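Listed here are the chains, written in short residue letters.
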Amino acid sequence: MSELTLASTPEDATALHTAEAHHAGLAGELAGRVKMLLTAVDRDPGAAEKIHAGLVAFCDRSLLPHAAAEEAALYPAARRIPEARLLVESLIGEHRCLTTLVRALRAAPGPADAAADARALQVLFEEHLAKENGLVLPLLAMKPDVSLAQLLVTMHHLLANEPTTDEPGDRHHEEGHDMDGPRTEERGGCGGVCGCGGRDDDEPQLDVRDVPHAIRHATVFGALDAVPSGTAMVLVAPHDPLPLLAQIEERSPGVFSVEYLERGPAAWRLRLSHR
């Protein structure tokens, strides 16, 4: 959004930014997981099955509860705004479509069958969030008789009471998080400077150079959450992603080792291996 935020209170201006950041995190993680699924379907069917299961678990744990909390906390207040009433009804309809797509993902006999539904889910969710960020949230923030900050607190309480089901290998329950610190390796045919002699042709690749900056890190996190233990992902970035690597280590201590395959100038390529 632009630097100018129209809100009735400073608290609501902050709440608006917070909600947009949370949406960016959800969209990015979904995008990363879907990208890994689409890539693994052709490269590694065994890994694709685990990524498929992880994607369904993410939807059950994060995406669908978020939609339900919005309907309970945000949408009733937005529906009382005349100019937002029809929009809210359409957004509720989109929630039903998201639920149907997740149900199709869950019922898919294999990852190849789920790929189309996964991509459709991603596209619909991103369009849905664009409407909320651009229309619903600003309208709520501008209304002096509505506290967006308090509505988000209500959403937080609703989400905190949601039962969660973590997929096997979820980063917050992964054994081995107390392993020794981050390990950056310099291997490959040219000491890690290029990819000759590397083995990344058979590994999924996530190129974030065209990913919007607002969801870039979240997309990487989502993709890494989908990498099964004992496998790796190749990350392509427009610069040396040192801040991102620090965030990955902070988020998942000791879980990923890093190997540089290429160091610019047009792109940095790194192999992130899940130990």
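In what follows, the accompanying structure is described. (Residues numbered from 1 in each chain as written. Predicted model: local features only at pLDDT ≥ 70, side-chain atom pairs only at ≥ 80, totals over all residues. Heavy atoms only, no water.)

Where two aromatic rings form a pair, the distance of their centres and the angle of their planes describe that pair. Applying the stated rule across the entire model yields zero aromatic pairs. The cationic tip of R263 hangs over the ring face of Y260; the distance from NZ or CZ to the ring centre is 3.7 Å. (Phe/Tyr/Trp six-rings, centres within 6.5 Å; stacked < 30°, edge-to-face > 60°. Lys NZ or Arg CZ within 6 Å of the ring centre and 35° of its normal.)

Next up on the list: the side chain of E203. The topology assignment puts E203 in the loop between β1 (183–185) and β2 (205–207). According to the relative accessible area criterion, E203 is buried, its value standing at 13%. In this structure the side chain of E203 is engaged in a polar contact, spanning 2.9 Å, whose partner is the side chain of R271. Not counting chain neighbours up to four residues away, the residues in contact with E203 comprise R43, A232, V234 and R271. (Helix = DSSP H or I, 4+ residues; strand = E, 2+ residues; numbered from the N terminus. Buried < 20%, exposed > 50% of the residue type's maximum accessible area, 1.4 Å probe, protein only. Polar contact = N/O pair within 3.5 Å; in protein donor to acceptor, adjacent residues only side chain to side chain. Contact = heavy atoms within 4.5 Å.)

Take the side chain of T39 next. Its location among the elements puts T39 in helix α1 (residues 10–43). Ignoring sequence-local partners within four residues, the contact set of T39 consists of P204 and Q205.

Contact geometry of helix α2 (residues 45–73) with helix α4 (residues 85–107) gives a least axis separation of 10 Å together with a crossing angle of 160°. On the basis of the axis angle, α2 is roughly antiparallel to α4. Two packed elements cross with a definite hand, and for α2 against α4 that hand is left-handed. Side by side, α2 and α4 meet where H52, L55, V56, C59, D60, L64, A67, E70 and E71 of the first sit next to I92, H95, R96, T99, V102, L105 and R106 of the second. Residues that form the contact of α2 with α4 fall into these classes: eight nonpolar, three polar and five charged. (Axes fitted to C-alpha atoms, helices over the stretch in contact; angles between N-to-C directions. Parallel < 35°, antiparallel > 145°, perpendicular 65-115°, else oblique. Left-handed = near helix turned anticlockwise from the far one by under 90°. Nonpolar A, V, L, I, M, F, W, Y, C, P; charged D, E, K, R; others polar.)

In the segment running from G264 into P265, the intervening peptide bond is cis, with an omega of 5°. Tracing the sequence through the fold places P265 in the loop between β4 (256–263) and β5 (268–274).

Moving on, we get to the environment of A223. Mapped onto the elements, A223 comes out in helix α7 (residues 213–225). For A223, a relative accessible area of 0% translates into the label buried. Taking the C-alpha atoms as reference points, A223 and I51, 172 residues apart in sequence, are found 9.3 Å from one another. Apart from the residues within four sequence positions on either side, A223 is in contact with G32, R33, M36, L206 and M233.

The next subject is helix α6 (residues 148–160). Taking 1.5 Å of rise per residue, the 13 residues of α6 would be expected to cover 18 Å, and the 18 Å separating its terminal C-alpha atoms lies within 8% of that figure. Among all positions in α6, only L148, L151, L152 and M155 are buried. For α6, the angular spread of buried residues about the axis comes to 100°, placing them on one side. Looking at α6, the residues exposed on the side facing more than 90 degrees away from the buried face are H156 and A160. The inward-facing, buried residues of α6 contact α1, α2, α3 (75–79) and α5 (111–142). (Expected span 1.5 Å × (residues − 1). Arc of directions from axis to C-beta.)

Further remarks concern the pattern of salt bridges. Between side chains of opposite charge, a pair can form when the charged atoms approach closely. Inspection of the entire model under this criterion finds 10 salt bridges. Here R79 ties to E89 by a salt bridge, and the two come within 2.9 Å at their closest N and O atoms. Residue R79 is found in helix α3, and its partner E89 is found in helix α4; the two are separated by 10 residues along the sequence. Of the residues examined, E89 reaches a relative accessible area of 40% and is grouped as partly exposed. The salt bridge involving E203 is made with R271; its shortest N-O contact spans 2.9 Å. Taken together, the residues E203 in the loop between β1 and β2 and R271 in strand β5 connect sequence positions 68 residues apart. (Salt bridge = Lys/Arg side-chain N within 4 Å of Asp/Glu carboxyl O.)

All right, on to the environment of V41 then. Here V41 lies in helix α1. Spatially, the C-alpha atoms of V41 and A115 are 8.0 Å apart, while their sequence positions differ by 74 residues.

Nonpolar side chains in soluble globular proteins tend to end up buried together. Core analysis: the biggest nonpolar cluster contains 49 residues, and M233 and I248 have the highest contact counts within it. It is α1 that provides the largest number of residues to this core, a total of eight residues. Excluding its chain neighbours within four sequence positions, the residues that come into contact with I248 are V220, F221, L224, F256 and L272. Counting residues in each nonpolar core, the second largest holds 25 residues, with A15, L87, L137 and M155 among its members. (Core = buried A, V, L, I, M, F, W, Y, C linked by side-chain atoms within 4.5 Å.)

The buried count for strand β3 (residues 232–237) comes to six of six residues, which makes it a mostly enclosed element. Because side chains alternate across β3, one face comprises the buried residues A232, V234 and V236, and the other comprises M233, L235 and A237, equally buried. Both β2 and β3 contribute to a ladder of three bridges, which runs parallel. Bridge assignment links D207 to a residue of β3, and that residue is V236. As judged from the six bridges shared by β3 and β5, these two strands associate in the antiparallel manner. When the sheet's bridge partners are listed, V236 is paired in β5 with R269. (Pairing = 2+ DSSP bridges.)

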